[in-house]
Amino acid sequence: MDAGRKRSGSGCAEPSKKKERLFREEWKRGRSWLKFDGHLMTCTICKTHAKPSQTSAGNKRNAWIEGCRRVKLDVVKEHQQSLMHRNCEAAEKTVLGLPTSGGMFATQFAKRDHAVTLAMKLLFFIVKQNIALEKWNDLKGLVC
């Protein structure tokens, strides 16, 4: 690393010389996660899905969660290809029920998990309402 640069996490080093760079709205095309508030770029997907171990390394914070000061398309592309961002994108797709890079198996596991959660909610409702268990199959047939 150059002595003239300091690291602020996730490929978002801050240059030592201040050079005004302009954010271009076209960078957002195909990147709905990219936000710019006038000074900092952030990644909404990583803010939502990053694990605590990914958000800080020692005392350094991840700049894409707190805000990246280097307004440059290359920095955006570098973040987009980072392992943390790809993992967070996969987590977002799982939440939305979309296929991930894990393909068919990841989608099937997500569907199974959703089905188990739904069955548990139904069972909780039946027990709480004191509904006879003979009605379980009829009720399950309505939902599943």
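Look above for the structure.
Residues numbered from 1 in each chain as written. Predicted model: local features only at pLDDT ≥ 70, side-chain atom pairs only at ≥ 80, totals over all residues. Heavy atoms only, no water.

Asker: Quick question: what am I supposed to make of the nonpolar core here?
Answerer: As a rule of thumb, nonpolar side chains are buried together in soluble globular proteins. If you look at the biggest cluster of nonpolar residues, it comprises 18 residues, and the most contacted ones within it are Trp27, Trp33, Leu34, Met41, Trp64 and Val76. Every element with two or more residues in this core is listed here: β4 (41-43), α1 (44-49), α3 (63-66), α4 (73-81) and α5 (83-96). Tallying contributions element by element places α3 first for this core, with 3 residues. (Core = buried A, V, L, I, M, F, W, Y, C linked by side-chain atoms within 4.5 Å. Buried < 20%, exposed > 50% of the residue type's maximum accessible area, 1.4 Å probe, protein only. Helix = DSSP H or I, 4+ residues; strand = E, 2+ residues; numbered from the N terminus.)

Asker: Explain the packing of aromatic side chains to me, please; I cannot follow it from the model alone.
Answerer: Aromatic ring pairs are reported here in terms of the distance separating the ring centres and the angle at which the planes meet. Counted according to the given criterion, the structure contains 3 aromatic pairs. Relative to tryptophan 27, the ring of phenylalanine 23 has its centre 5.2 Å away and its plane inclined at 75°; by these criteria the two rings are edge-to-face. With 6.3 Å between their ring centres and 75° between their planes, tryptophan 33 and tryptophan 64 make a pair best called edge-to-face. Here tryptophan 64 lies in helix α3 and tryptophan 33 lies in the loop between β2 (14-15) and β3 (34-36), a separation of 31 residues in the sequence. Comparing tryptophan 33 with tryptophan 64, the two get one shared label, buried. Here the aromatic cluster, defined as three or more aromatic residues joined through ring pairs, consists of Phe23, Trp27 and Phe36. (Phe/Tyr/Trp six-rings, centres within 6.5 Å; stacked < 30°, edge-to-face > 60°.)

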